[in-house]
Amino acid sequence: MEVKLWNDKREREMYENFAELYAIIKATEKLEKAYVRDIISSSEYETECQKLIAHFKTLAFTLKDTVPSIERFADTYKMDCPAAINRLVTSGVPATVEHRAAAAASTTTSAAIVAECVQNFITAMDSLKLNMVAVDQVYPLLSDLSASLNKLGILPADFEGKTKMKEWISRLSKMGAADELTEQQARQLHFDLESSYNSFMAALPNAGT
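Quick summary incoming for the structure in this document. (Residues numbered from 1 in each chain as written. Predicted model: local features only at pLDDT ≥ 70, side-chain atom pairs only at ≥ 80, totals over all residues. Heavy atoms only, no water.)

This paragraph deals with the pattern of salt bridges. Pairs may arise between side chains of opposite charge once their charged atoms sit close together. In this structure the tally under the stated criterion is nine salt bridges. The residue Arg87 makes a salt bridge to Glu32 at a minimum N-O spacing of 3.0 Å. Here the residue Arg87 occupies a position in helix H4 (residues 82-91), and Glu32 occupies one in helix H1 (residues 9-36), the gap between them amounting to 55 residues. Summarising the burial analysis for this pair, Arg87 and Glu32 share the class buried. Glu160 is paired through a salt bridge with Lys164; the nearest N and O atoms lie 3.8 Å apart. Taken as a pair, Glu160 and Lys164 lie in helix H7 (residues 160-173) at a separation of four residues, close to a single helical turn. Exposure remark for Glu160: the relative accessible area of 23% places this residue in the partly exposed category. Each of Glu32, Arg87 and Glu98 takes part in salt bridges that share partners, so that together they form one network. (Salt bridge = Lys/Arg side-chain N within 4 Å of Asp/Glu carboxyl O. Helix = DSSP H or I, 4+ residues; strand = E, 2+ residues; numbered from the N terminus. Buried < 20%, exposed > 50% of the residue type's maximum accessible area, 1.4 Å probe, protein only.)

All right, on to the environment of Ser41 then. By the element assignment, Ser41 lies in the loop between H1 and helix H2 (42-62). What makes Ser41 partly exposed here is its relative accessible area of 32%. Spatially, the C-alpha atom of Ser41 lies 20 Å from that of Ala102, the residues being 61 residues apart in sequence. Of note is the side chain of Ser41, whose polar atom sits 3.2 Å from the side chain of Ser43. (Polar contact = N/O pair within 3.5 Å; in protein donor to acceptor, adjacent residues only side chain to side chain.)

Bringing the environment of Ser195 into the picture now. Here Ser195 is to be found in helix H8 (residues 183-206). For the pair Ser195 and Lys164, spaced 31 residues apart in sequence, the C-alpha to C-alpha distance is 9.9 Å.

Given a rise of 1.5 Å per residue, 21 residues ought to cover 30 Å, and the 30 Å separating the end C-alpha atoms of H2 matches this to within 8%. Every buried residue of H2 is accounted for by Tyr45, Glu46, Cys49, Leu52, Ile53, Phe56 and Leu59. Projected down its long axis, H2 shows its buried positions confined to an angular sector of 165 degrees, all on one face. The outward face of H2, more than 90 degrees from its buried face, is lined by the exposed residues Ser43, Thr58, Phe61 and Thr62. (Expected span 1.5 Å × (residues − 1). Arc of directions from axis to C-beta.)

Looking now at the packing of aromatic side chains. Per the counting criterion, the structure on display carries seven aromatic pairs. Ring geometry for Tyr15 versus Phe18: centroids 5.9 Å apart, planes at 80 degrees, classification edge-to-face. Note that Tyr15 and Phe18 are positioned in helix H1 at a spacing of three residues, about one turn of the helix. Residue class for Tyr15 comes out partly exposed when judged on its relative accessible area of 33%. (Phe/Tyr/Trp six-rings, centres within 6.5 Å; stacked < 30°, edge-to-face > 60°.)

Two elements in contact, H1 and H4, have axes whose closest approach is 8 Å; the angle formed by their N-to-C orientations is 105 degrees. As summarised for this structure, H1 and H4 are arranged roughly perpendicular, according to the angle between their axes. Packed against H1, whose contacting residues are Ile24, Ile25, Thr28, Glu29 and Glu32, the element H4 presents Pro82, Ala83, Ala84, Arg87 and Leu88 at the interface. The residue makeup of the contact of H1 with H4, split by class, is six nonpolar, one polar and three charged. (Axes fitted to C-alpha atoms, helices over the stretch in contact; angles between N-to-C directions. Parallel < 35°, antiparallel > 145°, perpendicular 65-115°, else oblique. Contact = heavy atoms within 4.5 Å. Nonpolar A, V, L, I, M, F, W, Y, C, P; charged D, E, K, R; others polar.)

Here Leu204 is to be found in helix H8. The buried category is assigned to Leu204, whose relative accessible area is 9%. In this structure the C-alpha to C-alpha distance between Leu204 and Thr76, which are 128 residues apart in sequence, comes to 53 Å.

By themselves, these figures tell us nothing about what the structure is for.
Written out as structure tokens, the structure reads:
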């Protein structure tokens, strides 16, 4: 006796789409595992993954009313495919594209912070040359410089610029806002800034920036 899974053409189409969705999720899970285990090359993985993601998006749109949640669909059909769900639903792009984007973002962010550090070094040194030696003038500049240096992950915790700025900030915080650095203090601070700036610039190529 033949058992029908559907009553009409519309139901038949729905079940066929379910079967296709199931197959895409399973195929994506296998592809993700193959990529992680280095069984396929990055270029092969990316090409196949893009195809699967494109098919998935089209099918998910078609089934949006009958399958509002892909995760629930996977649970209903006992599909243990976490990598596929992450790739198709959460990420929406191949892992290789994600990695390139992350690397580019990291490079861009680091470059922006390096530029910020350079700007803060120069501003602080120029201010001293212009005889801006009051605590309420110097403190914000050193505070900004210290903050930007701390944001740059490529610098070690004991980097000269970090420790020297911390020492100066601590010293200034014990003085009054209207107090001024003596000529000797101003010369020492300028020397420390220049020395830290040179160390900073020398450290960048070693950090791969």
